[in-house]
Structure formats: structure tokens, C-alpha cells
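# Inside the fold
Spelled out from the first residue to the last, the chains are:
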Protein chains: 2
Amino acid sequence: MATFMDVHSGFVGVTETQLKEAHERDLAEEAAEGVHFERAWLDPDSGKVFCLSTGPSKESVRRVHERAGHPTSEIYEVSVDIA
Amino acid sequence: MATFMDVHSGFVGVTETQLKEAHERDLAEEAAEGVHFERAWLDPDSGKVFCLSTGPSKESVRRVHERAGHPTSEIYEVSVDIA
């Protein structure tokens, strides 16, 4: 299992409620891919969203986001993590 | 106190030890700005680093990274966070 950070653009002005709804759609789709979306951060001014997930591959993360209706091609496998 | 995600590029091939050293330099500089770097994630293949921090302003985060020797101008105030 690997860890991924992915980045979305264009979420300008999105509210916490709307981000939660988008996140819920990921959670509804993720099991089929063995992915789990752990956290998400939104900057509504720039429209950037960062999602932290675990899963078998970058491609599996990409498919979950695509099926949930917010595709991104900017997905990084973050193999080093400092907490 | 706000939460920030910042992004660095060019860390291709950086090791966990090297990332920890860079993070330690942030920790050594952060108190003067009232910033705290909480987590960092590295993709050594693409060279991307994501840092999660709290602090009073984007500018304060920028100054800590600059003094620590790894400046970035890509800093987002992530006012919405889903855990």
C-alpha cells in the first residue's frame, strides 16, 4: 500500500459543505479500488484542493476521483512522510 | 492561527534522511515567526514536497522556509480541512 497526494485546481469559492459532499463521493467509490481518502485541504481563494490517500497505485486513485466526478491528473506517490 | 499547505519542486532523488534534515532546519527557524511545520510528504521521483503548517500568515511560512534554505512561493492557506 502506498500513500498519495493529489492536487485539484478550479475549486474557487467552494464551501466546506461542498468539499464534504465531494469527499463523500470519493468515499462512496474508493472501496472498489482499494483506495482510502484520508484527508483533504481546500484553499477557496486559489481553488486548490490537496487530497491525501492510500491505495495500491496512482492509477487507482485517479480512477476513484474520476468516477466521483472530480478528475485530476496531478497525483504524486509520496513515499517519504515526516510527521 | 491559520493552516497552510506549501509546495516545493526540484527535490528529485532526495532521501528520507535529507528530508528530515531540511525539516529540522524549518523547526529551528519557525518559532521566531509563530509557525509550526506539522507534516511533510515527498515524492522523490517527481521531486515534489508538500508541507503542512500552522501560523499567522502565508508570509510568515514563506520567511521560515527561506531562512531554512528551501524557499518556495507556492503557499496556500487551506481554510477548509476534512479529516
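Since this is a predicted model, take the numbers as computed values, not measurements.

Residue and element names in this part refer to chain B. Here strand 1 (residues 2-8) lies mainly inside the structure; 6 of its 7 residues are buried. Here strand 1 runs beside strand 4 (residues 75-77); their pairing, made up of 3 bridges, is antiparallel. Bridge pairing links Phe-4 to Glu-77 in strand 4.

With antiparallel pairing, the 5 strands of this open sheet are ordered in space as 4(A)-1(A)-3(A)-2(A)-5(B). Taken across any chain shown, the strands that pair with only one partner, and hence form the sheet edges, are strand 4 (75-77) of chain A together with strand 5 (80-82) of chain B. Taken pair by pair, the neighbouring strands of this sheet meet at an average axis angle of 15°, ignoring direction. Seen against the sheet, helix 1 (residues 16-30) of chain A touches strand 2 (36-43) and strand 3 (48-55) of chain A together with strand 5 of chain B and runs at an angle of roughly 160° to strand 2 of chain A. Taken strand by strand, helix 2 (residues 58-67) of chain A contacts strand 1 (2-8), strand 2, strand 3 and strand 4 of chain A, and its axis lies near 45° from that of strand 1 of chain A.

With that settled, the discussion passes to the confidence of the model for chain A. Averaged over every residue, the pLDDT of chain A is 97; the share at 70 or more is 100%. Confidence metrics for the complex model read pTM 0.97 and ipTM 0.96.

Before going further, it helps to spend a moment on the interface of chain B and chain A. The interface is formed by 25 residues belonging to chain B together with 25 residues belonging to chain A. When the two sides are added together, the surface that chain B and chain A hide from each other amounts to roughly 2500 Å², 67% of it contributed by carbon and sulfur. Scanning the region where chain B abuts chain A turns up 2 salt bridges. For Arg39(B), the salt bridge goes to Asp81(A), with nearest N and O atoms at 3.0 Å. For the pair chain B and chain A, the number of links is 9 residue pairs in polar contact (both at pLDDT 80 or more). Sorting the residues of the side of chain B that touches chain A by element identifies strand 1, helix 1 (16-30), strand 2 (36-43), strand 3 (48-55), strand 4 and strand 5 of chain B as the ones contributing at least two each.

Here chain B sits on chain A after a turn of 180° about the axis and a move of 0.0 Å along it, with an RMSD of 0.0 Å. What the rotation and shift describe, once combined, is the action of a two-fold rotation axis. Across chain B, the rotation axis passes nearest the C-alpha of Phe50(B), at a separation of 4.7 Å. Most of the interface of chain B is mirrored in chain A, where 100% of its interface residues again form contacts.

The subject of this paragraph is the pattern of salt bridges. All names here are of chain B. For the structure shown, the criterion picks out 14 salt bridges over all chains. Between Arg-67 and Glu-33 there is a salt bridge; the shortest N-O distance is 3.0 Å. Here the residue Arg-67 occupies a position in helix 2 (residues 58-67), and Glu-33 occupies one in the loop between helix 1 and strand 2, the gap between them amounting to 34 residues. On the accessibility criterion, Glu-33 (12% relative accessible area) is buried.

Taking 1.5 Å of rise per residue, 15 residues should cover 21 Å, and helix 1 of chain A covers 21 Å from first to last C-alpha, within 8% of that figure. Taken together, the buried residues of helix 1 of chain A touch strand 2, strand 3 and helix 2 of chain A together with strand 5 of chain B.

So, how was this worked out
- Residues numbered from 1 in each chain as written.
- Chains lettered and ligands numbered in written order.
- Predicted model: local features only at pLDDT ≥ 70, side-chain atom pairs only at ≥ 80, totals over all residues.
- Heavy atoms only, no water.
- Buried < 20%, exposed > 50% of the residue type's maximum accessible area, 1.4 Å probe, protein only.
- Helix = DSSP H or I, 4+ residues; strand = E, 2+ residues; numbered from the N terminus.
- Pairing = 2+ DSSP bridges.
- Axes fitted to C-alpha atoms, helices over the stretch in contact; angles between N-to-C directions.
- Contact = heavy atoms within 4.5 Å.
- pLDDT = per-residue confidence, 0-100.
- Buried area = accessible area lost by both parts, 1.4 Å probe.
- Salt bridge = Lys/Arg side-chain N within 4 Å of Asp/Glu carboxyl O.
- Polar contact = N/O pair within 3.5 Å; in protein donor to acceptor, adjacent residues only side chain to side chain.
- Least-squares fit on C-alpha atoms with pLDDT ≥ 70 in both.
- Expected span 1.5 Å × (residues − 1).

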